[in-house]
Amino acid sequence: MPDTHCVDNPPPTKEACNVACSADCVVGSWSSWSSCSHSCATKTAEGKQSRTRTVLAIPGKDGKACPATPALEEWRVCNDHPCTVFYWETSEWGFCTEDASAKFNETSLWNGTSSCSVGVQSRNVSCMKMNAGPVISKRYDLCYEVVLMS
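Presented here is a report on the structure given in the accompanying data block. Predicted model only: the values in this text are computed from it and were never measured.

Some remarks on the pattern of salt bridges
Counted by the stated rule, this structure contains one salt bridge. Its salt-bridge partner being R51, residue E74 comes within 2.6 Å of it at the nearest N-O pair. Note that E74 is positioned in strand β4 (residues 73–78) and R51 in strand β2 (residues 47–52), a separation of 23 residues in sequence. Residue E74 is classed as partly exposed on the basis of its relative accessible area of 28%.

Okay, structure coming up:
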């Protein structure tokens, strides 16, 4: 296929590298990352995965030493999202209705003319647990914790 169909410059076909001396330690490339140990995180555990590389040739006399064993393995955190997800679900706001508890004098304070009442509107708010439905009201603190941590 002609190069004219590709956008931008082509990626490099060569890259500089260090040629190992015959006396130096030689290590292989990193393996692929392992599968994650957990599918999600809890308060006491989080997912981890690792990858390794191996020594392909030990150093000769006066050669560069091989890395220490811990340097032949890397670890990283994975799937660090919470296992249990809580969220707030709300209905639409209802109509605005007069709020008797917030009613002031029938006249406004600044010009003596009649003013409108203070109103209130309401809606349903439920704490929900992902893939499980509503949380019983005794456990609402779980939703408050999630909102505060977000």
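There is more to say, and it comes next.
Overview of the state of the cysteines
For the structure on display, the rule yields two disulfides. Residue C25 pairs covalently with C66 via a disulfide, S to S 1.9 Å. Because the sign of the S-S torsion sets the handedness, a value of about 100° for the bond joining C25 and C66 places this disulfide among the right-handed ones. Taken together, the residues span a long stretch of sequence, with C25 in the segment before β1 (26–27) and C66 in the loop between β3 (55–57) and β4 at a distance of 41 residues. A relative accessible area of 13% means that C25 is categorised as buried.

Brief notes about the sheet that holds strand β9 (residues 133–134)
With respect to topology, three strands assemble into an open sheet ordered β5-β8-β9, the strand pairing being antiparallel. Looking at strand neighbours, the two that pair on one side only are β5 (86–90) and β9, the edges of this open sheet. In this structure, β5 lies alongside strand β8 (residues 125–129), joined through five bridges in antiparallel fashion. Bridge pairing in β8 places W88 opposite C127.

Thresholds applied
- Residues numbered from 1 in each chain as written.
- Predicted model: local features only at pLDDT ≥ 70, side-chain atom pairs only at ≥ 80, totals over all residues.
- Heavy atoms only, no water.
- Salt bridge = Lys/Arg side-chain N within 4 Å of Asp/Glu carboxyl O.
- Helix = DSSP H or I, 4+ residues; strand = E, 2+ residues; numbered from the N terminus.
- Buried < 20%, exposed > 50% of the residue type's maximum accessible area, 1.4 Å probe, protein only.
- Disulfide = S-S within 2.5 Å.
- Pairing = 2+ DSSP bridges.

All quantities given are derived from atomic positions and should not be read as evidence of function.
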